[in-house]
Amino acid sequence: LKLGVLISGRGSNLQALIDACAAPDFPAEIALVLSNKADAFGLERAAKAGIPTAVVSHRDFPGDKAAFETAMDAQLRQAGVQLVCLAGFMRLLSPLFVSLWHDALINIHPSLLPSFKGLDTHERALQAGVRFHGCTVHYVRVEMDVGPIVAQAAVPVLPDDDAHSLADRVLESEHALYPHAVRLIAEGRAHVDGERVRIDGAATV
Ligand code: GRF
């Protein structure tokens with residue numbers, strides 16, 4: 001399965017996907033890494049791995065989100081992308097892009113959805129006093145951080161945690177979860193069924 005990975009920054013989840021795709025038996029490859037920021041560190045990770053990159057800056061399309069998204073869509077189609085993976089992509093996608101990639105667009109979010117949608121999830125998890133936190137890979141719908149869940153991983157919240165230590169623990173689980181979720185989809189084992197994803201066979205990380 002040909003992946004397009006959309007990033008805006010650090011790209012540690014991109015790196016996890018690059019590393020997973022390097023294994024000979026992994027059923028996906030990254031056809032394009034697309035960033036809306038020219039200085040995203042993830043672009044260096046992609047270049048180092050010999051993966052094609054492109055930058056489509058939202059700043060080149062002031063006030064015209066449709067044109068920005070059409071330009072991204074064109075790059076992805078041209079590269080033969082079949083599944084778009086958001087990995088720290090920090091622009092909200094409009095209904096246009098979401099419909100162009102319906103059921104072919106996934107995101108990783110640093111919480112156990114539907115808890116803690118949006119930003120600052122680790123701070124809010126600590127404030128709420130939850131004992132478990134984690135991450136979710138889900139198909140993207142128009143509403144932010146909503147959509148059929150492909151996979152989740154939970155981590156404990158420890159008594160001495162601050163937002164940084166908790167974020168580190170969650171991030172480590174993200175790096176295992178994203179390749180796992182992509183594998184389920186690439187192997188044809190994830191079926192979107194209304195608001196849920198049905199998984200064939202054993203499906204733990
Ligand atoms: C991750 O925590 C991801 O869940 C969230 O943004 C962060 C991106 O980190 N959507 P990285 O760029 O993959 O290192």
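Residues numbered from 1 in each chain as written. Predicted model: local features only at pLDDT ≥ 70, side-chain atom pairs only at ≥ 80, totals over all residues.

By the naming in an unreviewed UniProt entry, the chain goes by Phosphoribosylglycinamide formyltransferase and is assigned to Azospirillum griseum. The Function (unreviewed entry) comment attached to the chain in UniProt states, word for word, "Catalyzes the transfer of a formyl group from 10-formyltetrahydrofolate to 5-phospho-ribosyl-glycinamide (GAR), producing 5-phospho-ribosyl-N-formylglycinamide (FGAR) and tetrahydrofolate." Recorded in UniProt under Pathway (unreviewed entry), the annotation for the chain is "Purine metabolism; IMP biosynthesis via de novo pathway; N(2)-formyl-N(1)-(5-phospho-D-ribosyl)glycinamide from N(1)-(5-phospho-D-ribosyl)glycinamide (10-formyl THF route): step 1/1." (UniProt positions renumbered as here; feature names shortened; annotations may be inferred.)

1. A look at the overall build of the chain
Each helix and strand counted, the chain has six helices and nine strands in total. Reported as C-alpha extents along the three principal axes, the dimensions of the chain are approximately 45 × 40 × 35 Å. Relative to its full complement of 205 residues, the chain shows a buried share of 39%. Residue pairs at least 24 apart in sequence account for 67% of intrachain contacts in the chain once pairs closer than 6 positions are excluded. (Helix = DSSP H or I, 4+ residues; strand = E, 2+ residues; numbered from the N terminus. Buried ≥ 20, exposed ≤ 12 C-beta atoms within 10 Å, placed from the backbone. Contact = placed C-beta atoms within 7 Å.)

2. So, the sheet that holds strand β6 (residues 132-139)
As summarised here, the arrangement of the seven strands in space is β3-β2-β1-β4-β5-β6-β7, forming an open sheet in which the pairing is mixed. Each having just a single partner strand, β3 (53-55) and β7 (149-156) make up the two edges of the open sheet. The sheet shows a mean angle of 20° between the axes of neighbouring strands, taken without regard to direction. Where strand β1 (residues 2-7) lies against strand β2 (residues 29-35), six bridges are found, and the strand directions are parallel. Within the sheet, the bridge partner assigned to Gly4 lies in β2 and is Leu32. Strands β1, β2, β4 (83-86) and β5 (105-109) of the sheet are contacted by helix α1 (residues 12-21), whose axis makes an angle of about 160° with β2. Sitting on the sheet, helix α3 (residues 65-78) touches β1, β2, β3 and β4, and the angle it makes with β2 is about 160°. (Pairing = 2+ DSSP bridges. Axes fitted to C-alpha atoms, helices over the stretch in contact; angles between N-to-C directions.)

3. Side note on the packing of α1 against helix α2 (residues 41-48)
Relative to each other, α1 and α2 sit at 15°, their axes nearing to 9 Å. Between α1 and α2, the angle falls in the class roughly parallel. The chirality of how α1 crosses α2 is right-handed. Seen from α1, the contacting residues are Leu14, Gln15 and Ile18; seen from α2, they are Gly42, Arg45 and Ala46. Of the residues that constitute the contact of α1 with α2, the class distribution is three nonpolar, two polar and one charged. (Parallel < 35°, antiparallel > 145°, perpendicular 65-115°, else oblique. Left-handed = near helix turned anticlockwise from the far one by under 90°. Nonpolar A, V, L, I, M, F, W, Y, C, P; charged D, E, K, R; others polar.)

4. Topic: the UniProt feature "domain: Formyl transferase N-terminal" (unreviewed entry) in the chain
According to UniProt, the "domain: Formyl transferase N-terminal" (unreviewed entry) feature falls on residues 2-182. End-to-end, the C-alpha atoms of residues 2-182 are 11 Å apart, and along that stretch the chain is 36% helix and 23% strand.

5. Points about the confidence of the model for the chain
Residue-level pLDDT values for the chain average 97, and 98% of them are 70 or greater. The ipTM, which scores confidence in the relative placement of chains, is 0.98 for this predicted complex, and the corresponding pTM is 0.96. (pLDDT = per-residue confidence, 0-100.)

6. Section: the UniProt feature "binding site: (6R)-10-formyltetrahydrofolate" (unreviewed entry) in the chain
The UniProt record annotates "binding site: (6R)-10-formyltetrahydrofolate" (unreviewed entry) at Lys65, Met90, Arg91, Leu92, Leu93 and Asn107. Looking at the secondary structure, you find Arg91 in the loop between β4 and α4 (95-100). Here Arg91 falls in the partly exposed class, since 16 other C-beta atoms lie within 10 Å of it. Beyond its immediate sequence surroundings of up to four residues, Arg91 is in contact with Asn36 and His58.

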